[in-house]
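Structural characterization, general
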Amino acid sequence: MSRISNWVFVLFILPAFGQSTATLVGDVLDPGGRAVPGALVRLTNAIAGYSNQLTTGDDGHFQFVNIPFQTYVLRVEKTGFDLKQQSISLRANVPFKQDVSLTIAGQGTAIDVTASEILATIDTEATGTRTELDAASFARLPSQASGRGIESVLLSFPGFAADANGAIHPRGAHNQMTYVIDGMPITDQLTGAFSNAVDPTIVQTIELFTGDVPAEYGSKVSGVANITTRTGMGSGRKAAGSTQLYAAGFDTLSHVSQIQGGTSKFGYFASVNTLKSNRYLDAVSLDNLQNGGNSERAFTRFDYQPSVRDTVRLNLIGGRSSFQLANLRSQHANLQEQRQQMRDFSVSTGWVRTIDARSTVDVTASYRTAIAQLFSSPGDTPVTASQARHLSTFNVSARYNRVSGIHNLRLGADLQRTPISEFFSFGITDRNFNDPATEGYLPGLRPHDLSRGGRPFLFAGKLTGALHSGFLQDRIRWRRLTVSLGLRYDHYKFVAKGVQLQPRVGLAFHVKETGTVFRASYNRNYQTPPNENLLLSSSLEAGKLAPDAVREAFSGGVIIMRPERQDFFETGVQQTVSRHIGFSGSFYHKRATDLQDNDNFLNTGIIFPITLAKSRINGVEGRFNFLPVRGFSGSLNFTHFHAVVTPPFTGGLFLGSGAVDSLSAGPFVIDHDQKLGVHGMLNYAYKKQWWASLSVRHDSGLVSNPSDPVEVARDPDYSDLLPYVNLTAYPTRVRPRTVTDINVGRDHYRDDKKVWEISFQVTNMTNAVALYNFQSIFVGTRLIQPRTAGVKLRFFW
């Protein structure tokens, strides 16, 4: 393309649409080069479930925006012309122009690529484990409707183990996830007990990285979920929307209302989601005592194109939840009524400028604040606690993108500031909890034993942290080989300080003759400590609570937490099994220093961060994708990871007898470890109206606390849970479970427009009784949800 035609292209196309999405534009022409109006243009990716279509105007022009990075099939059809379809790789936000020349029916070749490429079941350019899912694929996913968010969708990907209250373990880590929403990074722990999760109904696509994570991502990179939200831009309607009502067991009621609209230069999308349930979090006993809660979430997105080169975007996100903390039987008998409230608000603005036909610049500025409060009650036992935690994040990022020949270059910088304030108070209310006559007595807790005339422990602290980052990455595609090269620099300044250079390199080689892709990668990662309760965990005041032996060994009981340094190796293969079946598998090895984890503050429900000296994690995972055949489609995932950590604790707060034992303990299998997880999805669609989705998930069980079964049998709070945990095994584990969910629905159309839909859902069909974990020093005890039926009704207008 000449320099003049480059600038003509820039002046007459829609500019790059978003920081992490692509734009495709073009013209449909007849054999004489004249515009073809009324042609149907469709863009699809069968693996991700992505599908979008439009009709060309009088000028034969088409434009697709907000497209996730991937390889797609572009299909154009018009009466009187042969069908035309071809593969297009969209991997940058630099605008991609693709004109399509049609041939008169019967006079030319209808297809430019082979059927195997059109029905591609593999991603030939992926240098690491990368999975993508479109909203159309997970909208019908059967899942419980309590305080769950996007994490319920992530569990349909390989590499994840499910834990309580929506917590997930990506590849043996403890939830070190980054969520990037339209360019805004969120590293908060987005689970039911920590922070309000991302509403899956606002999501258009999810791009998940768990291997060979690009250098632009840092801080928490055990998994990176790059989320593209829904937009009204280019919809061609002033207003359209829907209202959804849902009712299920445990008095669960929810409502979602959405509206969107827009033109070629302006678009908006808004959503409001409300929920109440009497099983808001996962229960701590079979009785589900005091476990009600409610939440409200709101989201708005505006897109505007002020000029042919510029696009700006504004996102507003808000959420609130209020819920009870589930009781054990002894706590319920004592009338304990603890409650937690969480609020969050985010604003993010983005600007993308097209420099020329090969280059763009994009800038994102965002602010997020989250407040968590725990309210005590007069009946608290064995410990009473209250908390107020305020975490804010200011982030500014800039990116330069250039596509030149075989190179796809991206470089940028991020500036982040994180002000934190924490208040925490606790006191012992049960004389038997820390009895001086018992073996596990902790003298540091004696001043705060209210049952013996002590006073409440009080902590209050404020601090502002900073993370300054820069990166350079290049994706090189040469013939059958794809190489990703990246280098990242992080300068972390918070409770601890540190710097780290992180090289990241990956390659993929495509063997076309067999439909095989081989890949390998190495990443150096630098994971910063969790911000939630970081000041409490690092305080000298809290250190005084630790056992004497720990205080003598570790500077008064507290060592400042340092970022986790990690070497991550991965090898993998993708294979086309048939035209409709593809397989992707990988083996990985991670070794880390100062492994990050969480601990439970004296069973108060307050989770605080800790680190351990070293860890070694090996894993194998795979995924079969089954593309649609006669209405049937689906996937099958399997996951195995073995996680071994080596004490002692090297950062954070160490309480209880386990802290003393760790001083001389050897390597042990941590509670993230799971031998096998299998998840199968089967979908069926009949004549556009009827559909069904079946989910079957098997988990062999996470590692539990090595409790004494004799003592457990004597404890009325836990004795009836003994059949669901194996305390005689090494390591001890919760017992295996298999959970089956189903969702069946019908869509009603009028004049080819959907008017309403209804679906019936049953989760845990067999009513299996099982544990996520048992008396874990990290997260406590939680049970899976029993069989629950629900009905959903949605109206479109």
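Here, the structure is the one placed above.
What you are looking at is a predicted structure, and each value in this text was computed from that prediction instead of being measured. (Residues numbered from 1 in each chain as written. Predicted model: local features only at pLDDT ≥ 70, side-chain atom pairs only at ≥ 80, totals over all residues. Heavy atoms only, no water.)

Quick word on the overall build of the chain
The following threshold applies: Each helix corresponds to a stretch of at least 4 residues labelled H or I by DSSP, and each strand to a stretch of at least 2 residues labelled E; elements are numbered beginning at the N terminus. Throughout, the radius of gyration refers to the C-alpha atoms, and the reference size of a globule is 2.2 Å times the residue count to the power 0.38. Summary of the burial criterion: residues with accessible area below 20% of their type's maximum are buried, those above 50% are exposed, and those between are partly exposed, where the area comes from a 1.4 Å probe applied to protein chains only. Should any heavy atoms of two residues lie within 4.5 Å, those residues are considered in contact. Computed with a 1.4 Å probe, the accessible areas rest on the Shrake-Rupley method; for each residue, only the protein chains presented here act as cover.
Within the chain one finds 10 helices and 43 strands. Scaling as 2.2 N^0.38, a compact globule of 797 residues should have a C-alpha radius of gyration of about 28 Å, and the chain matches this with 27 Å. With the principal axes as the frame, the chain shows a C-alpha extent of 95 × 50 × 50 Å. Across the 797 residues that make up the chain, the buried fraction comes to 57%. Considering only intrachain contacts with a sequence separation of at least 6, the fraction spanning at least 24 residues in the chain is 68%. Accessible surface for the chain amounts to roughly 30700 Å². Of this, 59% is attributable to carbon and sulfur atoms.

A look at the sheet that holds strand E6 (residues 84–90)
Put simply, the rule is: A pair of strands is treated as paired once DSSP finds two or more bridges between them. Fitting a line to C-alpha atoms yields each axis, with helices limited to the stretch in contact; the angle taken between N-to-C directions then spans 0 to 180 degrees.
Strands sit in the order E3-E2-E5-E6 across an open sheet of 4 strands; the sheet is antiparallel. Two strands in the sheet have a free side with no partner beyond their single neighbour: strand E3 (50–55) and E6. For this sheet the average axis-to-axis angle between neighbouring strands, irrespective of direction, equals 20°. Sheet topology note: the strand E2 (residues 40–45)/E3 ladder contains 6 bridges and is antiparallel. Within E3, the position partnered with Asn 45 by the bridge is Tyr 50.

Details of the pairing of strand E22 (residues 359–375)
In the sheet, strand E21 (residues 339–356) pairs with E22 via 17 bridges, with the strands oriented antiparallel. Bridging across to E22, Arg 343 finds its partner in Ile 371. The antiparallel hairpin formed by E21 and E22 contains 2 residues in its connecting segment. In this structure, E22 lies alongside strand E23 (residues 383–404), joined through 16 bridges in antiparallel fashion. Paired with Thr 364 across the two strands is Ser 397, which belongs to E23.

Some remarks on the packing of aromatic side chains
Rules: Between rings of Phe, Tyr and Trp, where Trp is taken as its six-membered ring, a pair exists when centres lie within 6.5 Å; planes separated by under 30 degrees are stacked, by over 60 edge-to-face, and by other angles tilted. Think of it as a cone above the ring: NZ of Lys or CZ of Arg counts as a charge over the ring if it is within 6 Å of the ring centre and within 35 degrees of the ring normal.
In this structure the tally under the stated criterion is 17 aromatic pairs. Between Tyr 492 and Phe 494, the aromatic rings sit 6.3 Å apart at their centres with planes inclined by 65°, giving edge-to-face as the arrangement. Of the two residues, Tyr 492 and Phe 494, both sit in the buried class. Joined through ring pairs, the aromatic side chains of Phe 424, Phe 426 and Phe 457 make up one cluster. Sitting over the ring of Phe 568, Lys 590 keeps its end group 5.8 Å from the ring centre.

Description of the pattern of salt bridges
Cut-off, in case you're wondering: The working definition used for a salt bridge is a side-chain nitrogen of Lys or Arg within 4 Å of a carboxyl oxygen of Asp or Glu.
In the structure shown here, the tally under the stated rule is 41 salt bridges. Measuring nitrogen to oxygen at the nearest pair gives 3.6 Å for the salt bridge that ties Asp 27 to Lys 97. Of this pair, Asp 27 sits in strand E1 (residues 21–29) while Lys 97 is found in strand E7 (residues 96–97), placing the two residues 70 residues apart along the sequence. The class of Lys 97 is partly exposed, set by a relative accessible area of 31%. A salt bridge links Arg 410 to Glu 216; the shortest N-O distance between them is 3.1 Å. Of the two residues, Arg 410 is situated in strand E24 (residues 407–428) and Glu 216 in the loop between strand E14 (203–209) and strand E15 (223–229); the sequence distance between them amounts to 194 residues. According to the relative accessible area criterion, Arg 410 is buried, its value standing at 10%. Glu 216 gets classed as buried once you look at its relative accessible area, which sits at 14%.

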